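Breakdown of the fold
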Amino acid sequence: METFGARLHRAVADRGPLCVGIDPHPGLLADWGLPDDVDGLDRFCRTVVEAIGDRVAVVKPQSAFFERFGSRGVGVLESTIRQLRDLGALVLLDVKRGDIGSTVAAYASAYLDPSSPMYVDAVTASPYLGVGSLAPMFSTAAEHGGGVFVLALTSNPEGASVQRAVGADGRTVAQTVIDEISQLNRGAEPLGSFGLVVGATVGETGHDLGSVNGPLLAPGLGAQGGTPAGLRTVFGAALPSVLPSYSREVLGAGPDPAGLRAAAERALAECRTALNAVG
Ligand SMILES: O=C(O)c1cc(=O)[nH]c(=O)n1[C@@H]1O[C@H](COP(=O)(O)O)[C@@H](O)[C@H]1O
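For every chain, the first residue of the written sequence is number 1, and numbering continues from 1 onward in sequence order. With the structure being a predicted model, the display of local features is reserved for residues of pLDDT at least 70 and the display and counting of side-chain atom pairs for 80 or more, all residues being used for whole-chain, interface and lining totals. Where side-chain values are given, they derive from all heavy atoms of the structure, hydrogens and water being excluded.

Regarding the overall build of the chain
- If you tally the helices and strands in the chain, you get 12 helices and eight strands.
- In terms of principal-axis extent, the alpha carbons of the chain reach across some 55 × 45 × 35 Å.
- Buried, partly exposed and exposed residues are distinguished by accessible area as a fraction of the type maximum, computed with a 1.4 Å probe on protein chains only: under 20%, between the cut-offs, and over 50%, respectively. For the chain, the residues scored as buried account for 54% of the 279 residues in total.
- For the chain, long-range pairs separated by at least 24 residues make up 71% of all intrachain contacts whose partners lie at least 6 apart in sequence.
- Looking at charge distribution, the chain has the averaged site of its 21 positive side-chain charges lying 2 Å from that of its 29 negative ones. Working definition: helices are DSSP H or I runs of at least four residues, strands are E runs of at least two. Numbering for both runs from the N terminus. We call two residues contacting when some pair of their heavy atoms lies within 4.5 Å. Under the counting rule used here, the positive set is Lys and Arg, the negative set is Asp and Glu, and His together with the chain ends is not counted. Charged groups are reduced to one reference atom each: NZ for lysine, CZ for arginine, CG for aspartic acid, CD for glutamic acid.

In structure tokens:
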């Protein structure tokens, strides 16, 4: 079985280093001339899938915008996930889950077990209950070739007060998350399956991301003010492992599928340039 890290490495080689988020904000539905209901949600997602599902390496549906509509919204999420996977995109479901280990085991079977209706390639996870509490997600992911992206330094300004707090051993909370994920990825080739989330907005991190050996998801580009050129400041030598992620910046170019494709291509071109820049 191919690991998630290997599948991601291949997808990025084939399609380029880009993740596009599906975040159907009420304002975007309105801009697209769609009603703020399940039908509007469904049409929005079908348009995005049709426009970019066969060309973007990773697509990241944001679960919150589907859960807003209850079980029917979750039904749209399930069919969106299926369509994307059929088109060869890796699906990273943004749910930011975290809980005590026995409950995390249920989340793991909800998202990372291939027999689940909501099965995806990878999920986002919150380490607030301790990275160790996420162990059932890590083991289920490893068993089935899935991935987990754990929040480290988030793109929002409120994150720093928790994530940069310094513990008894002198490390920040974020650095302990980074170190524990690095440990999980040790020896993996070509890339580990356990990623970190580091916002494109955070500036120079002062943290050591050099030995993570896993993907570094960088949200916060575009709408939140992060720029491809700024990725070098944030990631430094870890730049080759970065997976830049855009939602509103690309989605705002819809509903014309050609406009969405062009926006994704533009984002990819800018990110390629930034990730390949020397010095
Ligand atoms: O895990 C994430 O993707 C995430 C982490 C983070 O630190 N900041 C962040 O914005 N996100 C998500 O990334 C997306 C950003 O959307 P845009 O600001 O529209 O590009 C949203 O779905 C956020 O929930």
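Side note on the UniProt feature "active site" (unreviewed entry) in the chain
- UniProt positions are given in the numbering used here, feature names are shortened, and annotations may be inferred rather than shown by experiment. Residues annotated in UniProt with the feature "active site" (unreviewed entry) correspond here to Lys-96.
- Looking at the element boundaries, Lys-96 is found in strand β3 (residues 90–97).
- For Lys-96, a relative accessible area of 39% corresponds to the partly exposed category.
- The contacts of Lys-96, once residues within four sequence positions are left out, are Gln-62, Thr-124, Ala-125, Ser-126 and Leu-151.
- Whenever two N or O atoms come within 3.5 Å, that pair is a polar contact, provided that in protein one can donate a hydrogen and the other can accept it, and provided that, for residues adjacent in sequence, both atoms are side-chain atoms. Among the polar contacts listed, one links the side chain of Lys-96 to the side chain of Asp-94, at a separation of 2.9 Å.

Considering the nonpolar core
- Judged by nonpolar contacts, the single largest core of 73 residues is most densely connected at Phe-44, Val-148, Ile-181, Leu-196, Leu-209, Leu-231 and Phe-235.
- Among the elements that take part in this core, helix α3 (residues 38–52) stands out by supplying eight residues, more than any other.
- Beyond its immediate sequence surroundings of up to four residues, Phe-235 is in contact with Val-198, Leu-209, Leu-216, Ala-218 and Val-242.
- In terms of nonpolar packing, the next biggest core, distinct from the first, is built from 15 residues, Ala-11, Val-58, Ala-122 and Leu-191 among them. Nonpolar cores are built from buried Ala, Val, Leu, Ile, Met, Phe, Trp, Tyr and Cys residues. Side-chain atoms within 4.5 Å join them into one set.

Side note on the UniProt feature "domain: Orotidine 5'-phosphate decarboxylase" (unreviewed entry) in the chain
- Residues annotated in UniProt with the feature "domain: Orotidine 5'-phosphate decarboxylase" (unreviewed entry) correspond here to residues 17–263.
- When the span residues 17–263 is considered, its composition is 39% helix and 16% strand, and the gap between its end C-alpha atoms is 14 Å.

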